[in-house]
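# Summary of structural features
For reference, the chains in residue letters:
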Amino acid sequence: MERKKTQRNGTKFCGFALMAFLGVFALTSCEQYDLDERMPEWLGSSIYDYLQEEGYDTYVKLIDELGYREVMSKTGSKTLFIADEDAVERFFNSGYFKKADGTPVKNYEDLTLAQKKMLLYGSMLNNVYQVAMLSSSEGPTRGDCMRRISSTSIYDTVPLISYQEMPNTAHWQWYKNNQKSLRCLKDMTLKPMVFFVNKFLTAKKITDDDYDFLFNQGAYGSAPGRQPAEASVNGVAIEVQNIKCFNGFVHKMKDIIYPLPNMAEYLNQNPNTQMYDSLISRFCAPYYSEQATQEFNRLYPLEAVDSVFQMRFFSARSMGDAPLNVTPSNGPINGRLKFDPGWNTYFSSTSSTTRSDVALQQNMGVMLVPNDVALAHWWNEGGGKPLKDRFGLLDSVPDNVIVKLLNNNMLNSFVGSVPSKFMTVLDDANDMMGLMVEDVDSVKMCCNGAIYFTNKVFSPTAYRSVSFPALVNEALSIIYWAIEEYEFDAYLNSMVSTYSFFIPTNDGLLTYIDPVSYGQTTTKIFEFHYDSLATSQANRVYADIYNYDLLTGTKGAVITEKVVGARVQNRLTDILDYHIIIGDVEDGYDFYQTKGRGMIKFNKDAGTLGLGEVAGGFQIEQGTPLSIQRVYDMKSSKGNGKTYIIDQPLLTSEKSAYDILSDSINYPEFSLFFDMFSSSGLFESLHDGQYSVGSEYNISTLNTYHYTLYVPANDSLQSWIDDGKVMTATQIDNEEIRLNALTADHDAFVGEMYRLTGDSNADVAVYIADLRANLTSFVKYHIQDNSVYLGSEFKIDTIHTTSREAHYETAYMNDLNQFEKLAVSSTKTGITVKDKVGNIRKVVTKAVKPTIDDKYHNIMCREYQYNNNAANSATELETSSYLVIHLIDGPLSYGVEQ
């Protein structure tokens, strides 16, 4: 439709004050009134008498035929929503109810027993409510209620579903193939009535215009808009409120009311959304219910069956507010809905109460459902075309992929999703959905939510995200499983940032060198596997662990098989952190920082396929960059970056700063600074035993961040030593020996101490301790927060706009307990560092010092900390720090003379 834009068992009467009065009256006048037969005239008629007297013949027939006259004639407290005979005639003319052969029910005689129950019990509440109190939840809390459970029973109607009506999915296929019909409840929770009363609308800030939108009236339809003080039940206006009977209240409705379908039921019936219904139906299955079977056979012995089922949907929230994660045979599922659209008593997960019976009163859900025309257009020409190109047919799109679309269009809160609040409706990435009134052609109110029938499709951000290629490609399933399992999807689905995402194939993840084994006697590899048949989603990815010869690349004996849980999470989280880059790696730089603060090197113009090559720290150390196998430009579909497929994972550096500085063969220019560093006490032991190819020591000042270490060239550092600007540990040791020996000559000793310190009474131990502290401070001043690479973009919020310098803190803390800083500037061709006294140093390259090999800058390191320092006992990477080492052409001074 094109929208215009302009239990049943009665309880005692709950009027306690009235009953107290009647009790006193009965004690004094029991001969005058028999309360089982007559009531005082001033109390009014019973509900049954009122219906008879006022000509509500259809309701009288329903009460009589269903054996409910006794309750409606005596003191059972009820609220009944009735309609006159003209409304009844309109209802039969509408053809809403159908006979078994599918033709419309045209009169009372055509009604089945189940339909009669729906008309009577679906218009009744098992308590007494004036209209003003319909919006009060338990407490009472005024204006907090929009739904109440009706007097219906789930066994009033137990549909017989023929095999022709069943969804064409694997979960129903056996019954279809064998032409079996099923007694199958659409849900095993009771159907609520939906109320809109002024107090609720006001309390929830739902406007009259919102109301007209919801019921396709006023500016949104041909019917008049909402009138002041108008109240409605199941979308039908109450014409006469609060007709008082001695056993309850009657409210006269404009039209007849009956139980609303749930959202899943209505979608299945609606001819204009059959494409979308076929997608939703993939996630439903029949579940046998012993309870339902026994009760059905007790109530309907002439129709007894061996099995009664209930239809349920795989979902994160279903009946009982619990997830449904397995098939009827306890098999695995491949995707679950945000909530069960067939759950009659659905309530919002944002409810402030823990009581489900109260929570269901407060709110319900919303589904945005595109009509078939809109969905076909989206599939053929719009946001769904990449899926069409990948899978060919809509029915061929895997469940775990299509569920993203369905969940993006399932809104948790009806109260928060009316037109006046459309600006706050968020998509699956918590960005604005962009929902507009003109996007919605019509609305259908259901017992568990409202369906907004849309003329466009709201694609999930997952279809535009850099993670999309992993979602739709089984060869990348391990990484996508990790994205969802460890909640990286919310990060990668953000459309605010631009990403470059490197995804290793499943085959590539068969040889993941375990960084935890760098601290053990033998290197190991993880072989990651994806098990699509695992019942538990959390165990679908497991790892087999093998010994590995790093030098020959040979896999050795298996150590542990089918590892799941924390160890898999620990490694895959680390992998993801190193494969996600915020920014575009094709913007002309060489080095890019990852989400986890490491660095990778990218060369757009290299690679065996001409698509570029990339290297992590380990690949750089080994000289084995990875060629890009395929590139997906998600920006072309208004996405958030590019995805690069690689056939092996990027691996972080095997080496630490200790490994590099101590390597006198490959890095002889670091030898003098290494000696000073080693004697400074800043290296801390990493392992309590033997270690493998990884480092035995970490730098103690590093703390789960990224850093730069500047190493003065040997000749420049030796010059400072010769000039007495800094002393080595050996010199300090010799100085201590000299001074201690000098104590034998008191006058000479006093004179020397005065010369050195200005204090003739200075203590040798204190003086030597100061020298050692100065050595440590000198080394610390060369360790800087933040990694700065030559050939990377130089950007940080603290850049001084005039000097283009970034002032980074070092590891050296002065006497005022402040970390001294270095002023750093960087371009594509060079890095300069200015120390506290104004010395300007340059990172050494061939251009700076032609006599030195061009390998002394951008040296990647990573310092690992494990969950156990004992040899071979660590199982997880606890934390780490990334470090880059640069040779500089002179030492840095923090301004303290030796």
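A word on the overall build of the protein. The number of helices and strands found in the protein is 27 helices and 39 strands. Taking 898 residues into account, the globule formula puts the C-alpha radius of gyration at 29 Å, and the protein, at 38 Å, lies well above it. Seen along its three principal axes, the alpha-carbon backbone of the protein occupies a region of about 130 × 65 × 55 Å. A buried classification covers 53% of the 898 residues belonging to the protein. Surface exposure of the protein reaches about 39,000 Å², of which carbon and sulfur atoms provide 48%. For the protein, the distance from the average site of its 78 positive side-chain charges to the average site of its 110 negative ones is 7 Å.

Inspection of the entire model under this criterion finds 53 aromatic pairs. Ring centres of Tyr 705 and Tyr 707 lie 5.8 Å apart, and the angle between their planes is 80 degrees; on these two criteria the pair is classed as edge-to-face. The exposure class assigned to Tyr 705 is partly exposed, which follows from its relative accessible area of 26%. In this structure, Arg 317 packs its charged tip against the face of Phe 347, placed 5.1 Å from the ring centre. Here the guanidinium or amino end of Lys 555 rests over the ring plane of Tyr 546, the centre of that ring lying 4.3 Å away.

Tracing the backbone shows Cys 284 in strand E10 (residues 284-288). Exposure remark for Cys 284: the relative accessible area of 1% places this residue in the buried category. With 42 residues separating them in the primary sequence, Cys 284 and Val 326 have C-alpha atoms 11 Å apart. Sequence-distant contacts of Cys 284, defined by excluding residues within four places in its chain, comprise Pro 167, Thr 169, His 171, Trp 172, Met 311, Arg 312 and Phe 313.

What follows covers the confidence of the model for the protein. Interpreting fine coordinate detail is not advised for predicted regions of low pLDDT. On average, residues of the protein score 90 in pLDDT, and 93% of them are at 70 or above. pLDDT under 50 marks residues 4-40. Its contacts with residues more than four places away, or in other chains, come to 56 contacts.

It is worth spelling out the nonpolar core at this point. Core analysis: the biggest nonpolar cluster contains 96 residues, and Met 367, Leu 387, Tyr 463, Phe 501, Phe 528, Val 568 and Leu 572 have the highest contact counts within it. Filtering out sequence-adjacent residues up to four positions away, Val 568 remains in contact with Trp 481, Tyr 486, Phe 528, Val 541, Tyr 542, Ala 543 and Val 563. Leu 717, Val 788, Tyr 808 and Tyr 812 belong to the second-largest nonpolar core, a separate cluster that totals 63 residues.

Let us now look at the sheet that holds strand E4 (residues 160-161). Through backbone hydrogen bonds, the strands of a sheet pair up, either in parallel or in antiparallel fashion. Taken in spatial order, the four strands make up an open sheet running E4-E5-E11-E10, and their pairing is mixed. At either margin of the open sheet sits one strand with a lone partner, and together these are E4 and E10. Pairing analysis gives three bridges linking strand E5 (residues 182-185) to strand E11 (residues 308-313), with the strands arranged parallel. If you follow Leu 185 over to E11, its bridge partner there is Gln 310.

Moving on, we get to helix H12 (residues 290-299). Given 3.6 residues per turn, any residue in an α-helix points the same way as the ones three and four places further on. Listing the buried residues of H12 in full gives Ala 292, Thr 293 and Phe 296. The buried residues of H12 occupy one face: seen down the axis, they fall within an arc of 100 degrees. For H12, the exposed residues set more than 90 degrees away from the buried face come down to Gln 291, Gln 294 and Arg 298.

With the rule as written, the count across this model stands at 32 salt bridges. Here Asp 584 ties to Lys 635 by a salt bridge, and the two come within 3.8 Å at their closest N and O atoms. Within this pair, whereas Asp 584 is found in the loop between strand E23 (580-582) and strand E24 (591-593), its partner Lys 635 is found in the loop between strand E27 (626-633) and strand E28 (641-646), the two being separated by 51 residues in sequence. On the basis of relative accessible area, Asp 584 is assigned to the partly exposed category, the value being 23%. You can call Lys 635 partly exposed: its relative accessible area is 37%.

This brings us to the pairing of strand E36 (residues 831-834). Burial along E36 is one-sided: the face carrying Ile 831 and Val 833 is buried and the face carrying Thr 832 and Lys 834 is not. Alignment of strand E35 (residues 819-826) against E36, held across four bridges, turns out to be antiparallel. In the sheet register, Ser 825 faces E36, and the bridge partner there is Thr 832. Once E35 ends, the chain turns through four residues before running back antiparallel as E36. Relative to strand E37 (residues 840-842), E36 is paired through three bridges, and the arrangement is antiparallel. The residue of E37 that forms the bridge with Thr 832 is Lys 842.

Topologically, His 171 is positioned in the loop between E4 and helix H7 (173-177). Relative accessible area serves as the criterion here: at 25%, His 171 is assigned to the partly exposed category. Between the C-alpha atom of His 171 and that of Asp 733, which follows or precedes it by 562 residues, the distance is 81 Å. Setting aside residues up to four positions removed in sequence, His 171 forms contacts with Arg 282, Cys 284, Ala 285, Pro 286, Phe 314 and Thr 327.

About the criteria used
Residues numbered from 1 in each chain as written. Predicted model: local features only at pLDDT ≥ 70, side-chain atom pairs only at ≥ 80, totals over all residues. Heavy atoms only, no water. Helix = DSSP H or I, 4+ residues; strand = E, 2+ residues; numbered from the N terminus. Rg over C-alpha atoms; globule rule 2.2 N^0.38 Å. Buried < 20%, exposed > 50% of the residue type's maximum accessible area, 1.4 Å probe, protein only. Areas by Shrake-Rupley, 256 points an atom, 1.4 Å probe, with all protein chains shown as cover. Lys, Arg positive; Asp, Glu negative; His and termini not counted. Charge placed at Lys NZ, Arg CZ, Asp CG, Glu CD. Phe/Tyr/Trp six-rings, centres within 6.5 Å; stacked < 30°, edge-to-face > 60°. Lys NZ or Arg CZ within 6 Å of the ring centre and 35° of its normal. Contact = heavy atoms within 4.5 Å. pLDDT = per-residue confidence, 0-100. Core = buried A, V, L, I, M, F, W, Y, C linked by side-chain atoms within 4.5 Å. Pairing = 2+ DSSP bridges. Arc of directions from axis to C-beta. Salt bridge = Lys/Arg side-chain N within 4 Å of Asp/Glu carboxyl O.

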